[in-house]
2 protein chains.
Amino acid sequence: MEKIVLNPIGVIYSPYKRVKDIPCQGYKANKTGEILVYKEYAEGLKDIDGFSHIIILYYFHKAKGYLLRAKPFLDDKPKGIFAIRGPHRPNHIGLSVVKLIERKGNVLKVGDIDVLDGTPLLDIKPYVSKFDVRENIKNGWLEGKL
Amino acid sequence: MEKIVLNPIGVIYSPYKRVKDIPCQGYKANKTGEILVYKEYAEGLKDIDGFSHIIILYYFHKAKGYLLRAKPFLDDKPKGIFAIRGPHRPNHIGLSVVKLIERKGNVLKVGDIDVLDGTPLLDIKPYVSKFDVRENIKNGWLEGKL
């Protein structure tokens, strides 16, 4: 099939100005950020206010090329790229679950942010307990490291 | 910034041959599917076996254009597109959490699938309890409908 072309729908602002500042676990750092949704897409934010958490998808804009194995934050040995969350993936899409603190027009204030400042936003989805919360999780190579 | 170009890394096979066959809640339908990762990316699956669940990102290849409000499965009234999980989003990226049942080389057998058969795969990420499981969830307009 042909290539897939995406357009950013906004920008993510965070306290993390450099890649090395980003915590490996946003929920521990407990920092807030802002998600600016471009005005042309702002109407799509209707009805989002009642959700306590959202999933954000974004573009790892600093990543160049990709690796099939890469060293994660939490281990010294390289892991398969689909078994880690790092940026050097075949498609440079990042995913975070963040707290939705407040919406002011086309800007969302969010908690637990772990994204580089200035990151292009690709999508926002509601975090839904029945879709996204699983029980009896096995965390693979991460077990015991978190 | 310039447009973002993605390349599918595989294909998702499921029992859902038509859009209208897809359940709104994969975890209830309890169907299995297969994720084929193209051989050139297969090495990236190393270390994924220990995870009980994975997050798959895929391309809603049947969606044409986008809407800022659309009617979800579970309500008669249109909602903001970022408050629902439907396909007619500005960027046609879908997300599902599925059970990882078994890996055989470059094919993953998965449970709880809710994706159209033949859907292009964009990414696989490990589902990690500390990153992806949240408590005290408010499900917005979906509350009480699931």
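Source: prediction; values computed, not measured.

### Considering the sheet that holds strand 8 (residues 107-111) of chain B
All names here are of chain B.
Reasoning step 1: The sheet built from six strands closes into a barrel, its strands ordered 2-3-8-7-4-9 with antiparallel pairing. Taking each pair of neighbouring strands and ignoring which way they run, the sheet shows an average axis angle of 45°.
Reasoning step 2: In this structure, strand 3 (residues 32-37) lies alongside strand 8, joined through five bridges in antiparallel fashion. Paired with Glu34 across the bridge in strand 8 is Lys109.

### Considering the sheet that holds strand 7 (residues 93-104) of chain A
Residue and element names in this part refer to chain A.
Reasoning step 1: Here six strands make up a closed barrel; going around it, the order is 2-3-8-7-4-9 and the pairing antiparallel. Across the sheet, the axes of successive neighbouring strands diverge by a mean angle of 45°, strand direction being ignored.
Reasoning step 2: Bridge count for strand 2 (residues 10-13) against strand 3 (residues 33-37) is four bridges, and the pairing is antiparallel. Bridge assignment links Ile12 to a residue of strand 3, and that residue is Ile35.

### Section: the relation of the copies chain B and chain A
Reasoning step 1: Screw-axis analysis of chain B against chain A gives a translation of 0.0 Å along the axis, an RMSD of 0.0 Å, and a rotation angle of 180°. Both chain copies can therefore be described as sitting about a two-fold axis. Residues of chain B ranked by C-alpha distance from the rotation axis are headed by Val5(B), positioned 2.3 Å from it.
Reasoning step 2: Of the residues that chain B buries at the interface, 100% are likewise interface residues in chain A, meaning the two copies contact each other through the same surface.

### Describing the environment of Arg89(B)
Reasoning step 1: Tracing the backbone through its elements, the reader meets Arg89(B) in the loop between strand 6 (79-80) and strand 7 (93-104).
Reasoning step 2: Sequence-wise, Arg89(B) and Leu100(B) are eleven residues apart; in three dimensions their C-alpha atoms are separated by 27 Å.
Reasoning step 3: For Arg89(B), the residues in contact, after removing those within four places along its chain, are Asp123(A), Ile124(A), Lys125(A), Phe60(B), Gly65(B), Tyr66(B), Ile81(B), Phe82(B) and Ile84(B).
Reasoning step 4: Among the polar contacts listed, one links the side chain of Arg89(B) to the side chain of Asp123(A), at a separation of 2.7 Å.

Parameters at a glance
- Residues numbered from 1 in each chain as written.
- Chains lettered and ligands numbered in written order.
- Predicted model: local features only at pLDDT ≥ 70, side-chain atom pairs only at ≥ 80, totals over all residues.
- Heavy atoms only, no water.
- Pairing = 2+ DSSP bridges.
- Helix = DSSP H or I, 4+ residues; strand = E, 2+ residues; numbered from the N terminus.
- Axes fitted to C-alpha atoms, helices over the stretch in contact; angles between N-to-C directions.
- Least-squares fit on C-alpha atoms with pLDDT ≥ 70 in both.
- Contact = heavy atoms within 4.5 Å.
- Polar contact = N/O pair within 3.5 Å; in protein donor to acceptor, adjacent residues only side chain to side chain.

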